[in-house]
Protein chains: 2
Amino acid sequence: MIEILFLGTGASIPSRERAMPCVAVRCGTDIALFDCGEGSQRQMMVSPFSFMKIKGIFITHMHGDHFLGLPGLLQTMGLSGRKDKLTVCGPKGMSAALDSIFSVCEGNIGYELDIREAEHGLSVEFGGFSVSAFRTDHTAESFGYKLSEKETRGRFNKEKAIKLGLSPGPDFSKLQNSETVKGVTPEMVMGPPRPGCNLVYSGDTSPCGELSDAAAGVDALIHESTFSDRESGLAADHKHSTSVQAAETAKACGCRALFLIHISNRYDNKGEIEEEAKAVFGNTFAPDDMDMYKVSKDSVRRV
Amino acid sequence: MIEILFLGTGASIPSRERAMPCVAVRCGTDIALFDCGEGSQRQMMVSPFSFMKIKGIFITHMHGDHFLGLPGLLQTMGLSGRKDKLTVCGPKGMSAALDSIFSVCEGNIGYELDIREAEHGLSVEFGGFSVSAFRTDHTAESFGYKLSEKETRGRFNKEKAIKLGLSPGPDFSKLQNSETVKGVTPEMVMGPPRPGCNLVYSGDTSPCGELSDAAAGVDALIHESTFSDRESGLAADHKHSTSVQAAETAKACGCRALFLIHISNRYDNKGEIEEEAKAVFGNTFAPDDMDMYKVSKDSVRRV
């Protein structure tokens, strides 16, 4: 089960309603952040997620609306006493940009920054999940990311364990931690491992093969939808996607749910964007800032 | 008359209640911005002030909480179609930092940026006001700024003009624009020019002579108040001021009103800070984010 918190769902320029792009995904207690537009740290402060639990930050490309919240967030984590290593992955140039900003702003980090230069196929492992990068098609060098939750242990059959003569307490814990207890092996009382959930975060991109490959069969596709279908020319000119293109990708790739973000402030409300995507792919959502969804293998629901 | 809008009143790290430092001052329709912490552009979007009316931005020092909202704001003004020249004044290093950020973020400005390197005594003129810089005492090179509204024309004596045989309409306009009409000179019907208001914005600083010199007799002193009086040791260590030090400066300098900002998030509420300053200097205000005040020669009032 993963939880998706939409911290910022706007594009290019913030509005009263939408902050700059930033999506937090929680697996267990660990958090991955995708893009970090200006103001993301404050959005997180008013959310139920703690920025101290972020294990990795993944920047899709270096346009300001996706990157300019990163220096402040990194600095705030340091000032808040973070000691844990933090992985930050982004395109070529990101590391030098951070160095340059911190040198002039006297950024005091105080914890290990593990900077990774994104490249197609790069994979980063964390405790409960991994994140891999794939190339996308935008006006700057750009990447999308796929998060894959690791499989979790199977269901423990308490009744069967009792029938086999064991008692609740330490014996049960040992079995769940793969130990044999009084002749009872874990396999006898544990169900098969449960597959993890996965999601793809597109960043800014025109529809492209690498994105479709990554999105095949994912539980959640978080796709940019800068323009509505009637402005597909503008989308092509600026190497963005329309709502309908996002929905067509979700449909063609057999995704379970589609979330539309990076919606231009030219649209007074998201209704148009959401409706035309839903007509192509029914299980489409156009979240507002601070909306949170739980995605499991059984359901996708707003919480 | 000047209007002061407190867009961000926090220090170092944003909180749910306080954004990073940014204060907008409006003279007529023109706006000067003092500091530009992360998120300032969005604070301005939900305020009654338009960022397109900003004529000058004045950065006190290059610590992230005072600077990291500037690149995004400059970019947003460009994307919003700004064509007017914008003056941006700040310490050495600011210009190179902006260049470096815009080169990696592909910042598209599209209007003239007039970058001024701050130095003690520098003065910048605008239509209705001027802003001068003075050196302050912080851990980085730092400046405070004094804004002086230009004097405005005197009151027009309508009754006297009518007695002298003139009629409301074009004749009145001409007189108010310094023209003689039918033998009536402007001096005969216009009162003396009215002096403008002035204010000082301290930035981050320990109490220092240059600040006191600038603040002598000003209508409004906007002073940092990072710490309460009981933490004066911390204030000294980090070259900040306490609320009481700010109030003592306001009192010694004969300021008309004191506004405390840059309040550390270690204080759950501003009561302590405000009360101890008021005990020294009665006309003290500790504004919340988005509070606005009108300052004239007759009154200082929240609007």
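Residues numbered from 1 in each chain as written. Chains lettered and ligands numbered in written order. Predicted model: local features only at pLDDT ≥ 70, side-chain atom pairs only at ≥ 80, totals over all residues. Heavy atoms only, no water.

(A) Representation of the packing of helix 3 (residues 70-79) of chain B against helix 4 (residues 94-105) of chain B within the structure. Residue and element names in this part refer to chain B. Two numbers describe how helix 3 lies on helix 4: the axes approach to 10 Å, and their chain directions differ by 60°. With respect to helix 4, the axis of helix 3 lies oblique. In this structure, helix 3 crosses over helix 4, and the sense of that crossing is right-handed. Of the residues in helix 4, those touching helix 3 at L70, P71, L74 and Q75 are M94, L98, I101, F102 and C105. Partitioning the contact of helix 3 with helix 4 into residue classes produces eight nonpolar, one polar and no charged. (Axes fitted to C-alpha atoms, helices over the stretch in contact; angles between N-to-C directions. Helix = DSSP H or I, 4+ residues; strand = E, 2+ residues; numbered from the N terminus. Parallel < 35°, antiparallel > 145°, perpendicular 65-115°, else oblique. Left-handed = near helix turned anticlockwise from the far one by under 90°. Contact = heavy atoms within 4.5 Å. Nonpolar A, V, L, I, M, F, W, Y, C, P; charged D, E, K, R; others polar.)

(B) Structural detail: the interface of chain A and chain B. Chain A puts 39 residues into the contact, and the matching count from chain B is 39 residues. Both sides together, the interface formed by chain A and chain B hides about 2,900 Å², and carbon and sulfur atoms give 57% of it. The interface formed by chain A and chain B holds zero salt bridges in total. On inspection of chain A and its partner chain B, the count reaches nine residue pairs in polar contact (both at pLDDT 80 or more). Secondary structure elements with two or more residues in the side of chain A that touches chain B: helix 1 (40-45), helix 2 (64-67), helix 3 (70-79) and helix 4 (94-105) of chain A. (Buried area = accessible area lost by both parts, 1.4 Å probe. Salt bridge = Lys/Arg side-chain N within 4 Å of Asp/Glu carboxyl O. Polar contact = N/O pair within 3.5 Å; in protein donor to acceptor, adjacent residues only side chain to side chain.)

(C) Region of interest: the sheet that holds strand 2 (residues 22-27) of chain B. All names here are of chain B. Spatially, 6-5-4-3-2-1-14-15 is the arrangement adopted by the eight strands of the open sheet, whose pairing is mixed. Of all the strands in the sheet, the pair left with one neighbour each is strand 6 (113-117) and strand 15 (300-302). Direction aside, neighbouring strands of the sheet carry axes that sit 20° apart on average. The sheet contact formed by strand 1 (residues 2-8) and strand 14 (residues 292-295) spans four bridges and is antiparallel. Counted as the bridge partner of I4 is Y293 from strand 14. (Pairing = 2+ DSSP bridges.)

(D) Structural detail: unusual backbone geometry. Residues and elements named next belong to chain A. If you check the backbone angles, S12 has positive phi at about 65° while not being a glycine. Along the chain, S12 falls in the loop between strand 1 (2-8) and strand 2 (22-27). Although it is not a glycine, H262 adopts a positive phi angle of roughly 55°. With respect to the element layout, H262 can be found in the loop between strand 12 (257-261) and helix 11 (271-280).

(E) Structural detail: the relation of the copies chain A and chain B. When chain A is brought onto chain B, the operation consists of a screw motion whose angular component is 180° and whose axial shift is 0.1 Å, with 0.1 Å RMSD remaining. Expressed as an axis order, the relation between the two copies is that of a two-fold axis. Ranked by how close their C-alpha atoms come to the rotation axis, the residues of chain A are headed by G39 of chain A, at 2.5 Å. Of the residues that chain A buries at the interface, 100% are likewise interface residues in chain B, meaning the two copies contact each other through the same surface. (Least-squares fit on C-alpha atoms with pLDDT ≥ 70 in both.)

(F) Region of interest: helix 11 of chain A. When helix 11 of chain A is considered as a whole, its buried residues turn out to be I273, E274, E276 and A277 of chain A. Where helix 11 of chain A is buried, its residues touch helix 10 (243-252), strand 12 and strand 13 (284-285) of chain A. (Buried < 20%, exposed > 50% of the residue type's maximum accessible area, 1.4 Å probe, protein only.)

(G) Region of interest: the environment of N108 of chain B. All names here are of chain B. By the secondary structure assignment, N108 is in the loop between helix 4 and strand 6. We classify N108 as exposed; its relative accessible area is 51%. Here the alpha-carbon distance between N108 and A236, two residues 128 residues apart in the chain, equals 41 Å. Beyond its immediate stretch of four places on either side in the chain, N108 contacts Q75, G78 and L79.

(H) Region of interest: the domain arrangement of chain A. For chain A, the assigned domains read domain 1 (2-152 + 194-302) and domain 2 (158-189). On a C-alpha basis, the centroid separation for the pair domain 1 of chain A and domain 2 of chain A is 41 Å. (Domains from an automatic or database assignment.)

(I) Quick peek at the packing of aromatic side chains. Applying the stated criterion across every chain, the model contains 24 aromatic pairs over all chains. When the ring of F6 of chain A is compared with that of Y293 of chain A, the centres are 6.0 Å apart and the planes differ by 85°; the resulting orientation is edge-to-face. With a gap of 287 residues between them, F6 of chain A in strand 1 and Y293 of chain A in strand 14 (residues 292-295) connect regions that are remote in the sequence. The burial state of F6 of chain A is the same as that of Y293 of chain A; both residues are buried. In textbook terms, an aromatic cluster arises when at least three aromatic residues are bridged by ring pairs, as seen for F34, F58, F126, F129, Y145 and Y201 of chain A. Directly above the aromatic system of Y111 of chain B lies the positively charged group of R82 of chain B, at a separation of 5.5 Å from the ring centroid. (Phe/Tyr/Trp six-rings, centres within 6.5 Å; stacked < 30°, edge-to-face > 60°. Lys NZ or Arg CZ within 6 Å of the ring centre and 35° of its normal.)

(J) Quick peek at the packing of helix 10 (residues 243-252) of chain B against helix 11 (residues 271-280) of chain B. Residues and elements named next belong to chain B. Where helix 10 meets helix 11, the axes come as close as 8 Å, and the angle between the chain directions of the two elements is 30°. Comparing the axis directions of helix 10 and helix 11 gives the class roughly parallel. Crossing geometry of helix 10 relative to helix 11 is assigned as right-handed. On helix 11, the residues that touch S243, V244, A247, E248 and K251 of helix 10 are I273, E276, A277 and V280. Classifying every residue of the contact of helix 10 with helix 11 gives five nonpolar, one polar and three charged.

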